Every structure is written in C-alpha cells, then in structure tokens.
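One letter stands for each residue in the lines below.
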Amino acid sequence: MTSVKDLHVDRAATADRLGRGRFAFTDDYSVFDWGKMPDEIPGKGASLCAMSAFNFERLEARGIPTHYRGVVADGETVELDALDADADAPAEMAVDLATVPELPHDGRDYDYDAYYAAARDNVLVPLEIVFRNSVPVGSSLRSRATPAECGLDLDSWPDEPVTLPNPVVEFSTKLEEGDRYLDVEEAERIAGPADVNELESVALDVNDLVTERADAVGLTHQDGKIECVLADGEIRVADAVGTLDENRFSYGDQQVSKEVVRQYYKRTQPDWVEDVAAAKARADAEDVADWKQFCERTPNQLPRSVVRATSDLYRAGANAYTDTSFFDAPALDAAVDAVRDL
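Cut-offs applied
- Residues numbered from 1 in each chain as written.
- Predicted model: local features only at pLDDT ≥ 70, side-chain atom pairs only at ≥ 80, totals over all residues.
- Heavy atoms only, no water.
- Buried < 20%, exposed > 50% of the residue type's maximum accessible area, 1.4 Å probe, protein only.
- Helix = DSSP H or I, 4+ residues; strand = E, 2+ residues; numbered from the N terminus.
- Pairing = 2+ DSSP bridges.
- Salt bridge = Lys/Arg side-chain N within 4 Å of Asp/Glu carboxyl O.
- Core = buried A, V, L, I, M, F, W, Y, C linked by side-chain atoms within 4.5 Å.
- Contact = heavy atoms within 4.5 Å.
- Polar contact = N/O pair within 3.5 Å; in protein donor to acceptor, adjacent residues only side chain to side chain.
- Phe/Tyr/Trp six-rings, centres within 6.5 Å; stacked < 30°, edge-to-face > 60°.
- Lys NZ or Arg CZ within 6 Å of the ring centre and 35° of its normal.
- Axes fitted to C-alpha atoms, helices over the stretch in contact; angles between N-to-C directions.
- Parallel < 35°, antiparallel > 145°, perpendicular 65-115°, else oblique.
- Left-handed = near helix turned anticlockwise from the far one by under 90°.
- Patch = residues over 30% accessible without salt bridge, like charges linked within 9 Å, V, L, I, M, F, W, Y side chains within 5 Å.
- Areas by Shrake-Rupley, 256 points an atom, 1.4 Å probe, with all protein chains shown as cover.
- Lys, Arg positive; Asp, Glu negative; His and termini not counted.
- Charge placed at Lys NZ, Arg CZ, Asp CG, Glu CD.

Caption draft 1: Expanded view of the pairing of strand 12 (residues 220–231). Of all the twelve residues making up strand 12, eleven are buried; the element is thus mostly covered by neighbouring parts of the structure. Of the pairings in the sheet, the one linking strand 8 (residues 123–124) to strand 12 comprises two bridges and is antiparallel in character. Looking at strand 12, one finds that Leu-124 is bridged to Val-229. Where strand 9 (residues 127–135) lies against strand 12, four bridges are found, and the strand directions are antiparallel. When the sheet's bridge partners are listed, Arg-132 is paired in strand 12 with Asp-223. With three bridges joining them, strand 12 and strand 14 (residues 248–251) adopt antiparallel strand pairing. Within the sheet, the bridge partner assigned to His-221 lies in strand 14 and is Phe-249. In this structure, strand 12 lies alongside strand 13 (residues 234–238), joined through five bridges in antiparallel fashion.

Next comes the structure, spelled out in structure tokens:
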C-alpha cells in the first residue's frame, strides 16, 4: 500500500459500501518522498500502530468519526486500551476501507472529475490536510506565506523557529506523483464532494487532541497531517494519526520524529538529497509525473548505530505517549540524548 505499511483486504470496498481491512505496519521508512529506504528500523511499525490506535480511540471518544475498528491481537480485533499491560505491542490495525479509484492524468494534469465519477460514495479524499503549530527555520511555509499571514507581528521570518499564535492549516495533494501545496480554490476542486471547511475543522480537532497529549508527556507537538475518507456523506479521519511519522514532536530542543533521519541524510548524504530536489524540479518543469527517473543517485544504508538509536527513539516515544510499556526501550530522555549526537 505504502512504503511503511501493507494493506490486507478482508472485504473490498465498493462505491456503495465500505470494505474491511487491516493495516500491517512495517519497520520500513521513507524520507523525501523516496519510498522504501534501504534499511529497516526495528520496532518502528508497532510503535506507529500503538500511537495511532491510542489517538483514534480518543478521537472516537470525543465524537470525531474515524475509520478505526481496533488493533489485531492474537487474531482478534480489540481496542488498544483493552490489551493487558504485558501484551506485545500490536503491529496490525483493523479499519474500514473506502474506494480509491484510479486518478487519470496526462503528465501532471490530473482528472479529479473522473476520480470522483468512478467512486460516488465511500471514497478517499485525495488530499493531505496539514496543521502547523510552529514554523522551523527550514519550513517550506516560509516561502508560501508571510509572517503576517500566519498571525505574527513580524515583517520577515526570523532566523529561528517561531511558535504560531494559532495553528495554520494547509492542503496538499495525496495521490499525485509528487506532493504539492494548494491554494483554497484548488483544494476545493480536489476535495470534490467533501467540504473544505469541514476538513479544516476536523484537522484542527485532531491537532488539539495530539497537542494536549504531547503536552501531558513532556513533548512539544510542532506539526502533523491527516487524511480523510468521505463515507455516506460523513468525513472520517483515516490512515494513521498522531505518530512519529505523520507528526513532528520535539523534546526540549531535539526532534522526536522521522525528522531525525531526514536531517541525518541532509548532513551525511547531501549529494543524494540535492539530486532528489533537482529531479523533482526537472519533472515539474517538463510536466512529468515520475520524478525518480531523473535521479542519478540512490540513498546509502544507515550506520548500525543510527538504526539502533532511531529504533530506541520510536519505541521510547510510543511508550511515553501511550503511557504503556509496550516496548523494552530506554526512557524517553535517554533515547533523546542518544539521537542528539548523531
């Protein structure tokens, strides 16, 4: 299904009925839209499953609809909160499935009318809804908006991270070959029958929940994203939510998310990172969807010490966030100290 999880379909979705399936979270990871990278991060998949299930159950308790049905443990679908304290961390999640029709395109010209015509009801909304509570120095938001447009009393972006007075919500594409941010008009067009204002409201509700939980365990929630399905006219939060992949957290001044690996590649394999950026730019200029064909380099494997430290970070982060010792991992502050020196 993606570079980080597999989909097992138990009952296929149709235009008139939701399906049933299971996400099997793997230990693979992806950075810079590359897809599956050459290493695995042990424990990563189960940590994402646990954090996402934890958040889904609390969203449902707040009356926010989701596609979540429970985690899979010993072949049974149960709530994460119902697992014994000494249970192994689940790596499978049971979900309702929506249809995801083919998105026809000619180069980078995508036909969303055809996409929705093939779906009718019970469809994946082909958008990612991004929420930001802060703006780090390297954030792409700085190139798309002024500080004033983000509610800040500043003439220009400072050379330091900025905390926003209120969250900023943006929309980006989900099913295109390369992600791109959208203005409101194009987001409305791509959202089709889904209401953009409602999508934004749901994203802010999710952001509130994740931010509150992060604060409670000593983390700072910087930004994240959600995906949604439209099922029988109702918007439901889908995919995974509030994990160290979908969101960025920090512990003091240290990142506690996939950003650790992303920044490591920037420092140690800058030629590959620059090649990826150049390939995306060339594909955009030539109106070509498959940008990877223009890459001359591929990423190298990570050192074993980096894999081990990153694994500890994911597992310690999940333990702290869920307040459950699912993983044999160091305390969060120790795991953070280990990646600080990478």
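And the narrative resumes.
Caption draft 2: Fine view of the pattern of salt bridges. Counted according to the given criterion, the structure contains 27 salt bridges. Among the ionic pairs, Glu-259 bridges to Arg-262, the shortest N-O distance being 2.2 Å. Taken together, the residues span about one helical turn, with Glu-259 and Arg-262 both in helix 6 (residues 259–268) at a distance of three residues. The network of salt bridges with shared partners includes Glu-128, Lys-174, Lys-225 and Glu-227.

Caption draft 3: The nonpolar core, seen in detail. One finds Leu-199, Ile-226 and Tyr-265 to be the most contacted residues of the largest nonpolar core, which totals 97 residues. Broken down by element, the residue count for this core peaks at nine residues, all from helix 1 (residues 44–61). Ignoring any residue separated from it by four or fewer positions in sequence, one finds Ile-226 in contact with Leu-127, Glu-128, Ile-129, Phe-131, Val-202, Ala-203, Val-206, Val-237 and Val-241. Ranked by size, the runner-up nonpolar core spans nine residues in total, among them Leu-141, Ala-145, Trp-157 and Leu-164.

Caption draft 4: Geometry of the side chain of Thr-243. Structurally, Thr-243 is set in the loop between strand 13 and strand 14. Only 3.1 Å separates the side chain of Thr-243 from the backbone nitrogen of Asp-245, close enough to count as a polar contact. Not counting residues within four places of it along the chain, the set of residues in contact with Thr-243 comprises Leu-48, Met-51, Ser-52 and Phe-249.

Caption draft 5: Representation of the packing of aromatic side chains in the model. Here the structure, examined in full by the defined rule, presents nine aromatic pairs. Judged by centre distance (6.4 Å) and plane angle (90 degrees), the ring pair of Phe-23 and Phe-25 falls under edge-to-face. Plain terms: the ring middles of Phe-249 and Tyr-321 are 6.1 Å apart, the flat faces sit at 65 degrees to each other, and that makes the pair edge-to-face. With Phe-249 in strand 14 and Tyr-321 in helix 8 (residues 304–322), this residue pair connects regions lying 72 residues apart in the sequence. For the pair formed by Phe-249 and Tyr-321, the shared burial category is buried. Three or more aromatic residues joined by ring pairs make a cluster, and in this case those are Phe-32, Trp-34, Tyr-265, Trp-272 and Trp-291. Its end group placed over the ring of Trp-291, Lys-280 keeps NZ or CZ at 5.1 Å from the ring centre. Stacked on the ring of Trp-34, the Lys or Arg Lys-292 has its end atom at 4.1 Å from the ring centre.

Caption draft 6: Region of interest: the environment of Asp-312. Of note, Asp-312 is situated in helix 8. Asp-312 sits 18 residues away from Pro-330 along the chain, and the two C-alpha atoms are 6.7 Å apart. Setting aside residues up to four positions removed in sequence, Asp-312 forms contacts with Ala-329, Pro-330 and Ala-335. Looking at Asp-312, its side chain comes within polar contact range of the side chain of Arg-315, at 2.4 Å.

Caption draft 7: Structural view of the packing of helix 1 against helix 8. In contact at an axis separation of 9 Å, helix 1 and helix 8 are set at 20 degrees when each is read in the N-to-C sense. As far as their axial angle goes, helix 8 and helix 1 are roughly parallel. For the pair helix 1 and helix 8, the sense of crossing is left-handed. Where helix 1 abuts helix 8, its residues Lys-44, Ser-47, Leu-48, Ala-50, Met-51, Phe-54 and Asn-55 lie against Tyr-314, Arg-315, Ala-318, Tyr-321 and Thr-322.

Caption draft 8: Just a negative patch on the surface, in detail. Together, Asp-74, Glu-76, Asp-84, Asp-86 and Asp-88 line one region of the surface with negative charge. Summarising the element assignment, Glu-76 is placed in strand 4 (residues 76–78).

Caption draft 9: Local environment of the sheet that holds strand 2 (residues 19–25). Ordered by their spatial adjacency, five strands build an open sheet running 1-2-5-3-4, and the pairing between neighbours is antiparallel. Edge positions in the sheet fall to strand 1 (5–11) and strand 4, since each has one partner strand and no second. Strand-to-strand, the axes of this sheet are offset by a mean angle of 35 degrees, without reference to chain direction. Of the strand pairs in this sheet, strand 1 and strand 2 are connected by six bridges, and their pairing is antiparallel. Residue pairing for strand 2: Asp-6 is matched across the bridge by Ala-24.

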